[in-house]
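Here's the letter readout for the chains.
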Amino acid sequence: MKKIFISLLSVLLLQTVCFAKDILQFDFPNDGWHKVSSPDNVASKKCYVPYNQSAESYTEMLVFQEKVIKNIDLSALAILDRQLGKDKNNYMDISPEYVKRDFDDSMVAFCSKIKNTCVIERAFKGNSGIVLVSYINKAPHYSQNMFGQWTNILFQTKVYEPKTGEKVPNNLIELD
């Protein structure tokens, strides 16, 4: 009986470790970005908007989410392609352009003139799944400067790997 209990406990512990989520390290481009609830009420999405904006009324939003993959062979590129399929339902007039097209780290940008919105999305391999980071701008100036600046900012997002004795940085985002 004791061996069965210990075996069951070890299986539960192993499952808990397997479902641990990643922690991201991300430097916001300026002060004032704050966490808000997801506009579509998805609890696993971590959403941030600039100072004086809210989830209901925002011009810019950053969204961080981790997609747990059951099929270990599913790449970040495949997850990003699936997301683009969903995006094409919301923004009928988009023509996505890949900034980077790699199996483990891909980025795409697109604008919808009908909805006056531009989006940059990056998918990359985390330790526990595929991390999807999105920048949404609902009042774009359609300038290349915006795309250049935000693609660089999103490319700097990385999975936090704690080091022994290192002070824990304050720019961490814990994914669910």
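Turning our attention to the sheet that holds strand 9 (residues 158-159). Spatial ordering of the open sheet is given by 9-1-10, a layout of three strands whose pairing is antiparallel. Here the strands that pair on one side only, and so sit at the sheet edges, are strand 9 and strand 10 (172-174).

Residues with a pLDDT of 70 or more make up 86% of the chain, whose mean pLDDT is 85. Per-element confidence in the chain ranges from a low mean pLDDT of 39 for helix 1 (residues 2-18) to a high of 96 for strand 3 (residues 46-49). Across residues 1-19 the pLDDT falls below 50, and counting only partners more than four positions away or on other chains, this stretch makes zero contacts in the model.

The next point concerns the packing of aromatic side chains. Tallying each qualifying case throughout the model produces eight aromatic pairs. Relative to Trp33, the ring of Phe28 lies with its centre 5.9 Å away and its plane at 25°, an arrangement referred to as stacked. For the pair Tyr135 and Trp150, a centre-to-centre distance of 3.8 Å together with 10° between the ring planes defines the contact as stacked. In this pair, Tyr135 is assigned in strand 8 (residues 130-137) and Trp150 in helix 3 (residues 144-155), connecting sequence segments 15 residues apart.

One side chain can pair with another of opposite charge once the charged atoms of both are near each other. In the structure shown here, the tally under the stated rule is three salt bridges. Notably, a salt bridge pairs Asp40 with Lys45, separated by 2.7 Å at the nearest N-O pair. On the basis of relative accessibility, which here comes to 42%, the residue Asp40 falls in the partly exposed class. According to the relative accessible area criterion, Lys45 is partly exposed, its value standing at 22%. Lys100 is paired through a salt bridge with Asp105; the nearest N and O atoms lie 3.5 Å apart. Take Lys100: its relative accessible area is 32%, and that puts it in the partly exposed class.

Rules and cut-offs
- All residue numbers here refer to positions counted from 1 along the written sequence of the relevant chain.
- Only residues with pLDDT of 70 or above have their local features reported here, since the model is predicted, and side-chain atom pairs are shown and tallied only from 80 upward, although totals for entire chains, interfaces and linings are computed over all residues.
- Water and hydrogen atoms play no part in the side-chain values, which are based on all heavy atoms of the structure.
- We call two strands paired when DSSP finds no fewer than two bridges between them.
- Under the scheme used here, helices are H or I runs from DSSP no shorter than 4 residues and strands are E runs no shorter than 2 residues, and both carry numbers assigned from the N terminus.
- The quantity called pLDDT is the predictor's confidence in a given residue, expressed from 0 to 100.
- Note on contacts: a residue pair is in contact if any heavy atoms of the two residues lie within 4.5 Å.
- The pairing test for Phe, Tyr and Trp rings, Trp by its six-membered ring, is centres within 6.5 Å, and the orientation test on the planes gives stacked under 30 degrees, edge-to-face over 60, and tilted for anything in between.
- Any Lys or Arg side-chain nitrogen found within 4 Å of a carboxyl oxygen on Asp or Glu counts as a salt bridge.
- Any residue under 20% of the maximum accessible area for its type is buried, any over 50% is exposed, and the rest in between are partly exposed; the area is computed with a 1.4 Å probe on protein chains only.

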